[in-house]
Amino acid sequence: MAPRSLPPSKKQKTEHGSGSHEQIKSLEAGLIEAVNNNESLNAIADLLSILKKARDAPSTSKAAYALYRVFVVMITNGKLGLGGDDAAKLVKAWLLEQLNTYVDFLCGLLKDEEKTLRISALQVLFSLQRHLSTSYSTTSSSSTKPQPQFHLSHFRKVVSALLLCPPSPRPGSVNAEDQLLDLDVASLFYETWFSVHDDIRWFFLRESATLLNAHPTHTALPLNLLSILERLTTFPTEPTELDAWWVSEMGTPPPKPRRSKVNNSGDASDSDVENYEMKQNEGKEEEDDWRKYFEDEPAPPEAPKAKVPGVRLHQMTIHQSLHSLASHRAVFTQTWLVLLPRLSRSKDAEKLVVRVLNIMHRGILPHLTRPVLVMDWIGACVDYGGSVGLLALNALFILMKDYNLDYPSFYTRLYAFLDRDLLHLKHRARFFRMTELFLNSTHLPATLLASFIKRLSRLSLSAPPAAIVLLIPFTYNVLKRHPALMVMIHNPSAGDEYTDPFLPDEPNPTKTRALESSLWELVSHGSHYHTAVSTLCKIFTEPFTKPNYPLEDFLDHTYATLFETEANRKIKKEPALAMDLPKGFISFPTRARDAVLEQDDEEAKEDLVSLPPNVDIVGELWSFA
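Residue positions are counted from 1 within each chain, in the order its sequence is given. Under the rules for a predicted model, residues below a pLDDT of 70 receive no local features and side-chain atom pairs below 80 are neither given nor counted, while totals for whole chains, interfaces and linings still include all residues. The basis for the side-chain values is all heavy atoms of the structure; hydrogens and waters are excluded.

Going by this rule: UniProt positions are given in the numbering used here, feature names are shortened, and annotations may be inferred rather than shown by experiment.
The name that an unreviewed UniProt entry assigns to the protein is CCAAT-binding factor domain-containing protein, with the source organism given as Leucocoprinus birnbaumii. In its Sequence similarities (unreviewed entry) section, the UniProt entry covering the protein states "Belongs to the CBF/MAK21 family."

Right, dumping it as structure tokens:
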């Protein structure tokens, strides 16, 4: 039989000390016995006190696991379930208060300096999530048949702890100054729950968007959320992929929703709306209908072969939403639409924007309900210029090519990137990779393409050899793909008094008169000081019968690679290091001879015969003494 309270001496020891392992073990055993015998559970407050005041990590860990096992027994025995008389409700309210105190302490441990405590706290929190949800599912009294439930209030605390990172409440812990999510906690959450279980991912995405709106000035929140979302590679693409559940009750197939009746205006009837009202886990608070914004428009009734639309997303229950791929896409879209503006306003906006744009084409756009929703944000990123602008242009190009986005000024914005610094920057290779993709279509007008290759050839006059080596095959591929541009290397109007009609200051690539010009800048590289450049430039004087050059072979050239190539080149014919002088060769006089011959002293001229003849003047010049 468990004691109702500790003796005064031991209670005083618990309040002023960290609690011994024997005390923790004794309290745990007594509480478990009290749960099984339906006796007093007041000792749980003493065990919580030991947890709060434990300064060393081992004592904190033992107390935390002891409380975890006690609460699991309580949940399994229905001590925290729904229902009961007034007296039982008072006891449950007190136990829930103790549980909330325990959960809050665990949430703070996610930012503890001890790695073992961080990992253990996260594992305990999610284990409690499963037990609490299962308990609510089996004791639900909302209908004759219990409905699958997800303990939302507990999960909200976990999400807040992961994204807001409150300081550790352990007395012996040194709290970090930042509020950034630790890498080990983020990795464990992603690999164990977020990327695996569909119910965890759906609720996390929904609660993250709510948390972003509730904390508009929190600086670390967007970064913590991005560190989790940018790893996501397992987002479902087919309804059959929704098959992994942390709360097993959520995996049961939901009742099939009745199809909504559509009236002439395309809206569902009032009776159907009542049939599919959202049900909350706790209470009967109304669910907001923000998901209406992400639903596809219903097909018009007069359209031929139009499918009868199913139930609308905002009319689904939680259980039905978890088994709907459209609902998963809706919460995913909502989260990113709230997160992206926050990233642009953060302190390190440019770095964060680059991280998003790197995954935009493969990890974000394919899963949005309507990818054009991020068009304005991507368009604003182009103004960053540099590598950020290039990545934004790549995302815009994906929207144009795959999602029918109409963006007429795309090539004008791309043309603006061709400035004097382009061929000197470190992201030069990335630019040419993307530009080759952008200019690949044979339906582009010749005037537009001519402006690009003419502008690049003009920039090559002040470019390093590594950039020219890249630019020449790039231009060759464009000319070969678009024969209408061949006039730029066979311009009969270019005579001795040729005036280039190209307008380099014109921002519109269709009005630069580049097609009337020629690529004389590239031809001038035929006499370049670097052998690789001058040799490669000869391809413009030969017939265009060679296949396209693989651009990847030229993208990574730098001064270092060019020097290494020359230094390691196999010498077929060794250069001359010395030469035999032919007979009768008159060597250059030395400085001494010249000085004597310029004098009028005859005696000095007679002494000239004493100087050694045929002195090596080269050797004398290299004598620095």
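Quick look at unusual backbone geometry
Inclusion rule: Working definition: helices are DSSP H or I runs of at least four residues, strands are E runs of at least two. Numbering for both runs from the N terminus. Partly exposed residues are those whose accessible area sits between 20% and 50% of the maximum for their type, while under 20% is buried and over 50% is exposed, using a 1.4 Å probe and protein chains only.
At Cys165, a position not held by glycine, the phi torsion is positive, near 50°. Its place among the elements puts Cys165 in the loop between helix H7 (152-164) and helix H8 (183-194). For Cys165, a relative accessible area of 4% puts it in the buried group. The phi dihedral of Arg513 falls on the positive side, at around 60°, and the residue is not glycine. Residue position: Arg513 is located in the loop between helix H20 (465-481) and helix H21 (520-524). By relative accessible area, Arg513 is classed as partly exposed at 42%.

Observations regarding the nonpolar core
Operational definition: Remark: nonpolar core denotes a set of buried residues (Ala, Val, Leu, Ile, Met, Phe, Trp, Tyr, Cys) joined through side-chain atoms within 4.5 Å. Any two residues whose heavy atoms approach within 4.5 Å are treated as being in contact.
If you look at the biggest cluster of nonpolar residues, it comprises 162 residues, and the most contacted ones within it are Tyr102, Phe189, Phe204, Trp336 and Tyr411. Setting aside residues up to four positions removed in sequence, Phe204 forms contacts with Phe155, Val159, Leu162, Leu163, Phe189, Phe194, Leu225 and Ile228.

With respect to helix H9 (residues 198-214)
Test applied: By this rule, a helix spans an expected 1.5 Å times one less than how many residues it contains.
Here H9 contains 17 residues, and its C-alpha end-to-end distance of 25 Å stays within 8% of the 24 Å for a straight helix at 1.5 Å per residue. Burial analysis of H9 places 14 of its 17 residues in the buried class, which makes it a mostly covered element.

Regarding the packing of H9 against helix H10 (residues 220-229)
Which entries qualify depends on this criterion: Here an axis means a line fitted to C-alpha atoms, over the contact stretch when the element is a helix, while the angle between two N-to-C directions is reported on a 0 to 180 degree scale. Angular relationships are summarised with four words: roughly parallel below 35 degrees, roughly antiparallel beyond 145, roughly perpendicular across 65 to 115, and oblique for the angles in between. Note: crossing handedness is left-handed where the near helix turns anticlockwise from the far helix by less than a right angle, and right-handed where it turns clockwise. Residue polarity follows a fixed list, in which Ala, Val, Leu, Ile, Met, Phe, Trp, Tyr, Cys and Pro are nonpolar, Asp, Glu, Lys and Arg are charged, and the others, Gly among them, are polar.
For the pair H9 and H10, interaxial distance at closest approach is 11 Å and the crossing angle is 160°. In terms of orientation, H9 lies roughly antiparallel with respect to H10. The handedness of the crossing between H9 and H10 is left-handed. In this structure, H9 uses Phe204, Leu205, Ser208, Leu211 and Leu212 to contact H10, whose residues at the interface are Leu221, Leu225, Ile228 and Leu229. Residue classes in the contact of H9 with H10 are distributed as eight nonpolar, one polar and no charged.

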